[in-house]
Amino acid sequence: QVQLVESGGGLVQAGGSLRLSCAASGSIFRISTMAWYRQAPGKQRDLVATIITGDGPNYADSVQGRFTISRDNAKNTVYLQINSLKPENTAVYYCYAALKERIGSALGNYWGQGTQVTVSS
């Protein structure tokens, strides 16, 4: 069974920075994609950034230049460095992974439980 566990969220003042982490554990053969999504109160869950094996990172237009996604393949961990935080960045941030648990298995979609980021003005 695969688990994604996020950490690093919290309360920060506008202009501050946070580094979110998400570690995947369990039965993992190969990870294809890792990504971060966020969901603000009363809104839908939106894609923030993705990083695909063998490819570079991609970002939502709204976070380009302030957010940096990176990945440690040896640790099955993805990070999100968030700089120059704004109150509108307040949301629950979710980790996502598309991966295969075993050789020959289908690609499955997995989500973390989310970590709250609150930015005060």
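Shown above is the structure to which this text applies.
The written sequence of each chain sets the order in which its residues are numbered from 1. Per-residue local features of the predicted model are confined to residues with pLDDT of at least 70, and side-chain atom pairs are confined, for both listing and counting, to 80 or more; whole-chain, interface and lining totals are unaffected and use all residues. Based on all heavy atoms of the structure, the side-chain values leave hydrogens and waters out of the count.

A.B. asks: Could you give an account of the side chain of T77, naming the residues involved and the relevant values?
C.D. replies: Helix and strand labels come from DSSP, where a helix needs a run of H or I of at least four residues and a strand needs a run of E of at least two; each type is numbered from the N terminus. Mapped onto the elements, T77 comes out in strand β8 (residues 77-82). In this description, contact between two residues means that some pair of their heavy atoms is separated by no more than 4.5 Å. If we skip the residues at most four places from it in the chain, T77 touches C22, A23, M34, S70, R71 and D72.

A.B. asks: Tell me what's going on with the pairing of strand β1 (residues 3-7), and back it up with residues and numbers.
C.D. replies: For the exposure calls, accessible area comes from a 1.4 Å probe over protein chains only, and a residue counts as buried if that area is under 20% of its type's maximum, exposed if over 50%, partly exposed in between. Here β1 shows a clear split, with L4 and E6 buried on one side and none of Q3, V5 and S7 buried on the other. The criterion for strand pairing is that DSSP finds at least two bridges linking the strands in question. Here β1 runs beside strand β3 (residues 18-25); their pairing, made up of 5 bridges, is antiparallel. Counted as the bridge partner of Q3 is S25 from β3.

A.B. asks: Can you tell me about the pairing of β3, naming the residues and giving the values?
C.D. replies: As paired elements, β3 and β8 share 6 bridges and run antiparallel to each other. Within β8, the position partnered with S21 by the bridge is Y79.

A.B. asks: Tell me about the side chain of T115, residues and numbers included.
C.D. replies: For T115, the position within the fold is in strand β11 (residues 115-120). For this analysis, a polar contact is any N or O atom pair within 3.5 Å, provided that within protein one partner can donate a hydrogen and the other can accept it, and provided that sequence-adjacent residues contribute only side-chain to side-chain pairs. Here G9 takes part through its backbone nitrogen, which lies 3.2 Å from a polar atom of the side chain of T115. Those residues in contact with T115, other than ones at most four positions away along the chain, are E6, S7, G8, G9, L20, A91, V92 and Y93.

A.B. asks: Go over the state of the cysteines, please, and point to the residues and values.
C.D. replies: When the sulfur atoms of two cysteines come within 2.5 Å, that pair is taken as a disulfide. Applying the stated criterion across every chain yields a total of 1 disulfide. Here C22 pairs with C95 through a disulfide, and the sulfurs are 2.0 Å apart. Torsion about the S-S bond of the C22 and C95 cystine: about -80°, corresponding to left-handed handedness. Within this pair, whereas C22 is found in strand β3, its partner C95 is found in strand β9 (residues 91-100), the two being separated by 73 residues in sequence. For the pair C22 and C95, a shared accessibility class is recorded, and that class is buried.

A.B. asks: Provide a residue-level description of the pattern of salt bridges, including the pertinent values.
C.D. replies: Any Lys or Arg side-chain nitrogen located within 4 Å of an Asp or Glu carboxyl oxygen qualifies as a salt bridge. On inspection of all chains with the given rule, the structure shows 1 salt bridge. R102 serves as the salt-bridge partner of E101, at 3.7 Å between the closest nitrogen and oxygen.

A.B. asks: How would you sum up the packing of aromatic side chains? Please name residues and give values.
C.D. replies: Two rings belonging to Phe, Tyr or Trp (six-membered ring only in the last case) form a pair when the distance between their centres is within 6.5 Å. Interplanar angles under 30 degrees mark stacking, angles over 60 mark edge-to-face geometry, and anything in between is tilted. With the rule as written, the count across this model stands at 3 aromatic pairs. Each ring, one from Y37 and one from Y96, has its centre 6.0 Å from the other, and the planes form 70°; the classification is edge-to-face. Residue Y37 is located in strand β4 (residues 30-39), and its partner Y96 is located in strand β9; the two are separated by 59 residues in the primary sequence. Plain terms: the ring middles of Y96 and W111 are 5.1 Å apart, the flat faces sit at 55° to each other, and that makes the pair tilted. One end of the pair, Y96, is in strand β9; the other, W111, is in strand β10 (residues 108-111), and 15 residues separate them in sequence. Of the residues examined, Y96 reaches a relative accessible area of 13% and is grouped as buried. Here W111 falls in the partly exposed class, since its relative accessible area comes to 39%.

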